[in-house]
Structure formats: C-alpha cells, structure tokens
Amino acid sequence: MDCISICNSIFDTLKQLLSSTLFPSAYSIHPFFTRTRKLDFSSLFLFLLRQYDKSCPINLLDFFEEFSSSRISSLSKQAISKARRGIHPQAFAQLLSLSSSQYYLLSNNIRTWHGFHVLAVDGTTLQMPQSKQNLEVFGASSNQTGVHFAIASASLLYDTLNDILLDAKINSYCYGERLFAKEHLAAFSCLNLPLSPLFVFDRGYPCVELCRNLQNQGYSFVMRIKRNTPAIKKMVGKDEWISYGTPYPKENPVRVRALRILLSSGEEEYLITNLSDPNITLESFRELYFLRWKVETKYWELKHRFQIERFSGMTPWTIQQDFYITLFLSNLVSIIKKDTDKIIKEKTQGRKNKEYSYQTNRGMLINRVKKYLISFFTGKEKRESLWEKILDAGIKTRSQVRKNRSYERKAKHTRRKYHLNRKFC
C-alpha cells in the first residue's frame, strides 16, 4: 500500500532522529537531559506522543506496559511535568513538517486543481486553560459579565484536496491573520516541496502587501474580498482586471483579476486573483473557492474529534507541545485513510446498489492510530500485524458519503460544547 509505506517511512525517520544525538541536542533546553537519568529525551518524547485522555498516573502505567523494553519501571507525575519543560515545542512541529514532506515526496496519487495544489490559509481561536500565565502570554477575551478567559489564535496552511497540514502556528489572541499568512509563506518556501501552490484566502486577508508578497515569490492566489471595497464597487462586468489598493506612492496598487460570482443562495461573492488563464472560467473559480471550506471541517475535526483544546498541561510550553502533536496525528490519520478508502471503494464497486458510496469512519481511525502508535516503535508486535488491525477496523467500520450535503450557516450557536455526534476519539 502506498500510504502505509509513507507512514513506515515517517516512523523509521522519527526512530532514527530519536536514536541520534543531533535531534535531542537541537531541541533540548539546557540543563535538561544533560545527565544520564531514568527518563531520557526519546522515552519522554514517545510518552507525550500517546495523547491519551487519562490522568498522568494511568498514562504512565499504560506506557510502561507498552514500552516494557525501556529501563524505566516507575515515574512520578511530577517528574513528567518537570521533564517536559526540557523539550522545545518545535521538536513536535518538526514532526508535522516530516509527515507532510514525506507524503509529497513518496505519494504516487496527489490530487491537484488545474495543475495547482490548493492550499487554504485560515485561522481560529483556541480556549486555553485558565491561568495567570496563559492570560499574560496568550491574552484574553471577556464575556458580557466582564470575566476574562485565556484565548489563543491559531492558523493552518492546509492542502484541501489531499487533506494534509503543511504548517501551523499558535500565538496570542491579538495576533493578526495576515501576520500568520506571512509566516506560512516563509515556512512553505523552506519546505522545498515540488508543488505548484495556489493559496486560497478568506475575506479577512486581502491587502496590497500580501498580494505583492505572493506575486514577488511567484505564487498564485485567490482571495475573497469585501463587496464594499472601492475597486470592487467600480466593477462593470463579472470578470475584469482592476487596480487594487490606494493610488499613493507609499502603497502603489497591484493589478488583479476581479470576479463576481453568483452563489446558489442568490448572493454574490467577489474574488481577486492573479491567475490570468482565460480557460479557468467563473464556474471553475466558484468550485475552487468552495474547496476552501474543507479547512473549516478540518478545524471541526481537530476541536471535536481530537479535542485539541483538552490540553494535558497548564503552561504555554505544554500547550504548544500538545498543539503540534495533535496536528501530526491528524496527518497520520489522513494518510492512512487514503488506503482504507481505496480498499472500501474496491470492495463496494461491484455491488448492485451503486447510488451510495462509502468511506472510512474517521473517528474510529483516529482511535486506532492513537491506540497502536507507540507499538510501531517498541517492536513488541510486528508492523505487518499492526497495519492489519488498523486496516481491518478501517474497512469494517465505514460511513456513507452523502454527496452535495449542505447546511444553512447559523448566526447563533448553542452554549453546549459536547454533542452526541461530536464524540472524543
């Protein structure tokens, strides 16, 4: 299987990194891990990867049973809490880069749109554990009673067609979306991937500086823009080139292609792009911008299936560790799901009732990946056996694909945080 070999490559690379001296020394905070102790860098790293929603003592007992080859037999939760301060969160951010780069380098079935890789940039807010330190580091948002809650801003660079996260950032609540976008562009250029990116942005991002930055780097983009923008108000047709920006020496306008698209609801949305190909029609752009919605469903998955806001620690340091670990696990699940979906399609292709198609139940797959993840490193069970268990569960537990499914966007949301159809995995 193509995707299983990609995952094996990720596991092998991570195993080599942990067994080397370069990776631990690069991401260890002095004076942690400078002396030989029971809990070394690699053991703690794997323990944190487990991401089980249990108390620390129970997690430790399970870890010792799974990792019986380790020379550690007992540890206190205080020792874990203190030791994890010695691992920089960027160590786990490297796992996210590793998973995405391995996928694009090894996969034989990468989906594109008109030859472009559709990369959506979008942000969200995450509720932090309530503490004085988190309020100082991440900032706060207040409710109608004046109570302040610790909130952070996060942003993703997401391949909508291949369901892969390429980059992620977390910062203070007041950190701007455009600043996140600038960091994503810098991170993408450092990945050196053989991709032809097409960046898709929501209407909070358009500005002359970002458009010019993208054009200077040779990147294609599509942005939704507000209808009250002066340049848009002057539009006569549905597809024309305009000067976007203020006509002053400090901020010279840029030439962009403006599009007016009619939605199924009867409303009109406006897009700007630097794609000049006349063969890419208005309908094509309408389909393209609809692909951006997948980043919203990715946030839904992270918040409700992975419950990314259920952090295992209280400090900003541990929160960032958990943030990148969750995104790495999300990429693993996405990669494995491609193989299980392929097998399900082959098994159901010859059936009489062809009206319905099926896919892997993602919630179940998340659970299986988290359950067997450490076993891929311990060697207690052969990888072939582990993959057989994961694939078998993925094929048997499948969900029906409901095509053209849509919901009306609600302005008001219930205060309930956990719903029956939003189970933790």
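Notes on the structure in this doc start here. Remember, it's a predicted structure, so these values are computed and weren't measured experimentally. (Residues numbered from 1 in each chain as written. Predicted model: local features only at pLDDT ≥ 70, side-chain atom pairs only at ≥ 80, totals over all residues. Heavy atoms only, no water.)

### Examining the overall build of the protein chain
Along its length, the protein chain carries 16 helices and eleven strands. When the accessible surface of the protein chain is split by element, carbon and sulfur atoms take 49% of a total near 22,400 Å². (Helix = DSSP H or I, 4+ residues; strand = E, 2+ residues; numbered from the N terminus. Areas by Shrake-Rupley, 256 points an atom, 1.4 Å probe, with all protein chains shown as cover.)

### Some points on the pattern of salt bridges
All told, the structure shown has 15 salt bridges when counted by the stated rule. Note that Glu 301 and Lys 298 form a salt bridge whose closest N and O atoms lie 3.4 Å from each other. Of this pair, Glu 301 and Lys 298 both sit in helix H12 (residues 294-305), three residues apart, roughly one helical turn. For the residue pair Glu 301 and Lys 298, the accessibility class agrees, reading buried in each case. Between Asp 392 and Lys 396 there is a salt bridge, with its nearest N and O atoms 3.3 Å apart. One end of the pair is Asp 392 and the other is Lys 396, both in helix H16 (residues 383-396) and four residues apart, which spans about a single turn. For Lys 396, a relative accessible area of 63% translates into the label exposed. Within this structure, Asp 122, Asp 202, Arg 292 and Glu 296 form a network of salt bridges that share partners. (Salt bridge = Lys/Arg side-chain N within 4 Å of Asp/Glu carboxyl O. Buried < 20%, exposed > 50% of the residue type's maximum accessible area, 1.4 Å probe, protein only.)

### A look at helix H14 (residues 362-372)
Spacing of three or four residues puts side chains on the same side of an α-helix, whose turn is 3.6 residues. Listing the buried residues of H14 in full gives Gly 363, Met 364, Leu 365, Ile 366, Val 369, Lys 370 and Tyr 372. Where H14 is buried, its residues contact H12, helix H13 (316-348), strand E10 (357-360), helix H15 (375-378) and H16. Capping the start of H14 is the job of one residue whose side-chain oxygen sits 3.1 Å from the backbone nitrogen of Gly 363: Asn 361. (Contact = heavy atoms within 4.5 Å. Polar contact = N/O pair within 3.5 Å; in protein donor to acceptor, adjacent residues only side chain to side chain.)

### Notes on unusual backbone geometry
A positive phi angle, near 55°, is found at Asp 163, a position not held by glycine. With respect to the helices, strands and loops of the structure, Asp 163 is situated in the loop between strand E3 (148-159) and strand E4 (164-172). Overall, Asp 163 belongs to the buried group, its relative accessible area being 12%. One non-glycine residue with positive phi stands out, namely Asn 192, at about 55°. Among the structural elements, Asn 192 can be located in the loop between helix H8 (177-191) and strand E5 (197-201). Asn 192 sits in the exposed class, given a relative accessible area of 65%.

### What to know about the nonpolar core
The biggest cluster of nonpolar side chains holds 109 residues, and the ones touching the most others in it are Phe 45, Phe 199 and Phe 201. Here this core takes eleven residues from H13, the largest share from any one element. Excluding anything up to four places from it in sequence, Phe 201 contacts Val 121, Ala 181, Leu 210, Leu 214, Phe 221, Val 222, Met 223, Arg 224, Tyr 289 and Arg 292. One finds Leu 161, Leu 198, Leu 259 and Leu 275 within the second-largest nonpolar core, a separate group that totals 16 residues. (Core = buried A, V, L, I, M, F, W, Y, C linked by side-chain atoms within 4.5 Å.)

### With respect to the state of the cysteines
Disulfides are covalent bonds that link the sulfur atoms of two cysteine residues. Within this structure, the stated rule accounts for zero disulfides. Among the cysteines around Cys 3, which has no disulfide bond, Cys 7 carries the closest sulfur, lying 7.0 Å off. (Disulfide = S-S within 2.5 Å.)

### Quick notes on the packing of helix H1 (residues 2-19) against helix H6 (residues 90-106)
Relative orientation of the contacting elements H1 and H6 amounts to 140°, with a least axis distance of 10 Å. As the angle between them shows, H1 and H6 are arranged oblique. Crossing hand, H1 versus H6: right-handed. Contact with H1, carried on its side by Asp 2, Ile 6, Ser 9, Ile 10, Thr 13 and Leu 14, involves Leu 95, Leu 98, Ser 99, Gln 102, Tyr 103 and Leu 106 of H6 and no other residues of that element. Broken down by class, the residue content of the contact of H1 with H6 amounts to seven nonpolar, four polar and one charged. (Axes fitted to C-alpha atoms, helices over the stretch in contact; angles between N-to-C directions. Parallel < 35°, antiparallel > 145°, perpendicular 65-115°, else oblique. Left-handed = near helix turned anticlockwise from the far one by under 90°. Nonpolar A, V, L, I, M, F, W, Y, C, P; charged D, E, K, R; others polar.)

### Describing the environment of Val 222
Within the secondary structure, Val 222 sits in strand E6 (residues 220-225). For Val 222, a relative accessible area of 0% corresponds to the buried category. For the pair Val 222 and Phe 285, spaced 63 residues apart in the sequence, the C-alpha separation amounts to 8.7 Å. Ignoring sequence-local partners within four residues, the contact set of Val 222 consists of Leu 198, Phe 199, Val 200, Phe 201, Leu 271, Ile 272, Thr 273, Leu 275, Phe 285 and Leu 288.

### Considering the packing of aromatic side chains
Inspection of the entire model under this criterion finds 18 aromatic pairs. Geometrically, the ring pair formed by Phe 11 and Trp 387 is stacked, given 6.4 Å between the ring centres and 25° between the ring planes. With Phe 11 in helix H1 and Trp 387 in helix H16, the pair connects residues that are 376 residues apart, well separated along the chain. The burial state of Phe 11 is the same as that of Trp 387; both residues are buried. When the ring of Phe 201 is compared with that of Tyr 205, the centres are 5.4 Å apart and the planes differ by 50°; the resulting orientation is tilted. By relative accessible area, Phe 201 is classed as buried at 0%. Residue classification places Tyr 205 among the buried positions, given a relative accessible area of 0%. What links up through ring pairs into an aromatic cluster is the set Phe 23, Tyr 27, Phe 41, Phe 45 and Phe 92. (Phe/Tyr/Trp six-rings, centres within 6.5 Å; stacked < 30°, edge-to-face > 60°.)

### Here we look at the side chain of Ser 375
Positionally, Ser 375 belongs in helix H15. The contacts of Ser 375, once residues within four sequence positions are left out, are Glu 381 and Leu 386.

### Comments concerning H13
A rise of 1.5 Å per residue sets the reference length of H13, with its 33 residues, at 48 Å; its end C-alpha atoms lie 47 Å apart and thus fit the reference within 8%. By the criterion of burial, H13 is predominantly enclosed, with 26 of the 33 residues buried. (Expected span 1.5 Å × (residues − 1).)

Function-wise, these values are silent; they only describe arrangement.
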